[in-house]
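# Structural overview for review
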Amino acid sequence: MRLAEIFERVVGPDAPIRFTAYDGSTAGDPDSGTAVHVRTPVAVNYLAQSPNAVGLTRAYVSGHLDLEGDMYTALGTMAEFAFAEGVNLSLSDAAAIARSVGWVKFVNRVAPPPQEVTPSRLASMGWRHTRRRDAEAIHHHYDVSNRFYEMVLGESMTYTCAVFDGEDGRLDRVGADDGALESAQFRKYELVARKLGLAEGMRLLDVGCGWGGMVLHAAREHGVKATGVTLSKEQAEWASKRIAQEGLGDLAEVRHMDYRDVPDGTFDRISSIGLTEHVGAANLDPYFVSLYDKLVPGGRLLNHCITRPRNDLPRMNTKGVINRYVFPDGELEGAGEIQVAMNDAGFEIRHQENLREHYALTLRHWGANLEQHWDEAVAEVGEGTARVWRLYMAGCVLGFERDVVQLHQILGAKLDGTASGIPLRPQY
């Protein structure tokens, strides 16, 4: 049985995908703009051993399989026609495929590409969410290369959901390099600033501060004395240089530090933008208690993070692509679960907002940036890592558009007695 026949038995003869393989066989729609090309027998090993998204990812990242055409369209088509209901085969078909592929493909294990963080590699770092393991997980994702992130994220160097208006959010502006993404990221920081009620002279703590975007915005736009902390050494170094370049050293500071090690002291406001995903459900309660304790009475916390659509969905999939290739140990809770943890820590919940569609747009812009800088990105981090990012960002666009994941901002206040300090009708 040639590979094209196997493809037709697994996916179906009418799938709108063009299929080609190293054995010369073809299948699917010859005029389709979406194409799968199996380049080497190693791809078959990967797919035989993991006939799912992980096997496909291993084959693609390692270069043994190519997905041609627009990645977003390719993944959308593959998801609907290949993975929507899993691989449904009769026993006779499965046996015929196994005989054709050869049992050696199933038993002769091929090592995953180096970009994959295997369970055994994670286990060698200790228990989940210990300081050492958290530091290594952050290093895996965020210390890829500052130059690479500059290509993908653009001028703002902001790796969190932007906030678009009707003009910046037009799809024809994706990839236009006309400032739409930078404008939307500024709008996001200003939205956080307004929800927090930032004012000159306040002290802000930004936990998981990335490359210092919120710290810089608070200092530059609002005269706030802002301190950011990150577990990524490369992020801290980049942010410190940017702070110096902008002459904001008297107001802004970014430290290479675990959020659990921030010295005792109180702040007027705290922002947590994209950190909760790395905290872990078991640590939510102590996390929010620690932030509550760092606020003055009348202070506010704005928590911004990726969430699940429902609280009863699994928080993580240790065998999934995202956990193995992108965010090791990443956990996503439902917005209600996060809100309860904030409430139980003492916060009065004042506002909640879902920015799901905004993150899909943000990811579209990042993906377009990567494509525009593809050759330079490959030269910087290698083709395997660049392929991980191409696949991951296109897949996440689909995830946010299809409500597989969401993005919530939740505002909590630490009451001063019974006073929240929040206006009756705030302008968010």
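Presented here is a report on the structure given in the accompanying data block. Since this is a predicted model, take the numbers as computed values, not measurements.

## A look at unusual backbone geometry
With phi around 50 degrees, methionine 157 is a residue other than glycine that occupies positive phi space. Despite not being glycine, aspartate 403 shows a phi value in the positive range, around 65 degrees. Tracing the chain through its elements places aspartate 403 in the loop between helix H19 (383-401) and strand S11 (406-413).

## A look at the sheet that holds strand S6 (residues 225-230)
An order of S7-S6-S5-S8-S9-S11-S10 is seen for the seven strands of this open sheet, with the pairing classed as mixed. Sheet topology places strand S7 (252-256) and strand S10 (348-354) at the edges, where each strand pairs with a single neighbour. Put simply, the sheet's adjacent strands are angled 15 degrees from each other on average, direction ignored. For strand S8 (residues 267-273) and strand S9 (residues 295-307), the ladder comprises six bridges, and the chain directions are parallel. Bridge pairing links serine 271 to leucine 302 in S9. Contacting strand S5 (203-207), S8, S9, S10 and S11, helix H10 (residues 180-196) runs over the sheet at an angle of about 145 degrees to S9.

## Quick word on the pattern of salt bridges
On inspection of all chains with the given rule, the structure shows 28 salt bridges. Measuring nitrogen to oxygen at the nearest pair gives 2.9 Å for the salt bridge that ties glutamate 371 to arginine 390. Separated by 19 residues along the polypeptide, glutamate 371 in helix H17 (residues 356-372) and arginine 390 in helix H19 bring together distant segments of the chain. Under the relative-accessibility criterion, glutamate 371 is labelled partly exposed at 39%.

## Notes on the pairing of strand S3 (residues 35-38)
Note that strand S1 (residues 18-21) and S3 share four bridges and pair parallel. Residue pairing across strands places phenylalanine 19 opposite valine 36, the latter belonging to S3. Sheet topology places S3 next to strand S4 (residues 65-68); four bridges connect them, and they run antiparallel. Note on S4: the bridge partner recorded for valine 38 is leucine 65.

Rules used in this analysis
Residues numbered from 1 in each chain as written. Predicted model: local features only at pLDDT ≥ 70, side-chain atom pairs only at ≥ 80, totals over all residues. Heavy atoms only, no water. Helix = DSSP H or I, 4+ residues; strand = E, 2+ residues; numbered from the N terminus. Pairing = 2+ DSSP bridges. Axes fitted to C-alpha atoms, helices over the stretch in contact; angles between N-to-C directions. Contact = heavy atoms within 4.5 Å. Salt bridge = Lys/Arg side-chain N within 4 Å of Asp/Glu carboxyl O. Buried < 20%, exposed > 50% of the residue type's maximum accessible area, 1.4 Å probe, protein only.

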